[in-house]
Amino acid sequence: MNPAEHYILDRPEPYRSILLQLQVIIEHTVPEVELKFKYKIPFYYIDGKPFCYLNHAKDYVDLGFWHSAHLTVHLEHMTTAGRKVMRSLRYKQVTDIDHTIATEVLQNAFEVRSKKFWKD
């Protein structure tokens, strides 16, 4: 088992289930992704470049986006939580996951993946 998979399976419930559901959504929506373990969390890469990440912190799970400065869909559902650029969808329960929103944000992130990290 690789470290990213271990991270996901080692989380307590309900966070393990949230992470597993998000993993399925990510890998189904963007099959080009490669799951790695970077910055001590599961991080998805495309063509060797960061795409999105999963992070369990406190009482939630974040699905964060590397090129979030360029995202244009469902921004009202995303949080910056004191971060300057990074945005994430945040979940406290599996039932919080809206498959349509997650899928559409992932598709938007895929469309802007070649842009710079910062918005010019």
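This text goes with the structure placed above it.
Notes on the structure follow.

The rules behind the values
- Residues numbered from 1 in each chain as written.
- Predicted model: local features only at pLDDT ≥ 70, side-chain atom pairs only at ≥ 80, totals over all residues.
- Heavy atoms only, no water.
- Core = buried A, V, L, I, M, F, W, Y, C linked by side-chain atoms within 4.5 Å.
- Buried < 20%, exposed > 50% of the residue type's maximum accessible area, 1.4 Å probe, protein only.
- Helix = DSSP H or I, 4+ residues; strand = E, 2+ residues; numbered from the N terminus.
- Contact = heavy atoms within 4.5 Å.
- Phe/Tyr/Trp six-rings, centres within 6.5 Å; stacked < 30°, edge-to-face > 60°.
- Lys NZ or Arg CZ within 6 Å of the ring centre and 35° of its normal.

## Brief notes about the nonpolar core
Then, in step 1: Formed by 36 residues in total, the largest nonpolar core has its most connected members in Leu 63, Phe 65 and Leu 89.
Then, in step 2: Elements with a minimum of two residues in this core: α1 (3-10), α2 (15-29), β2 (41-46), β3 (49-57), β4 (60-65), β6 (87-91) and α3 (99-111).
Then, in step 3: The dominant element in this core, judged by the number of residues it contributes, is α2, at six residues.
Then, in step 4: When near neighbours in sequence (up to four residues on either side) are disregarded, Leu 89 contacts Val 61, Asp 62, Leu 63, Phe 65, His 77, Met 78, Ile 101, Ala 102 and Val 105.

## A short note on the packing of aromatic side chains
Then, in step 1: In the structure shown here, the tally under the stated rule is five aromatic pairs.
Then, in step 2: Pairing Phe 43 with Tyr 53 gives two aromatic rings, centres 5.5 Å apart and planes at 40 degrees, and the pair type is tilted. Of this pair, Phe 43 sits in strand β2 while Tyr 53 is found in strand β3, placing the two residues ten residues apart along the sequence. As far as burial versus exposure is concerned, Phe 43 and Tyr 53 are alike and both buried.
Then, in step 3: Just above the ring of Tyr 45 sits the side chain of Lys 36; from NZ or CZ to the centre is 4.9 Å.

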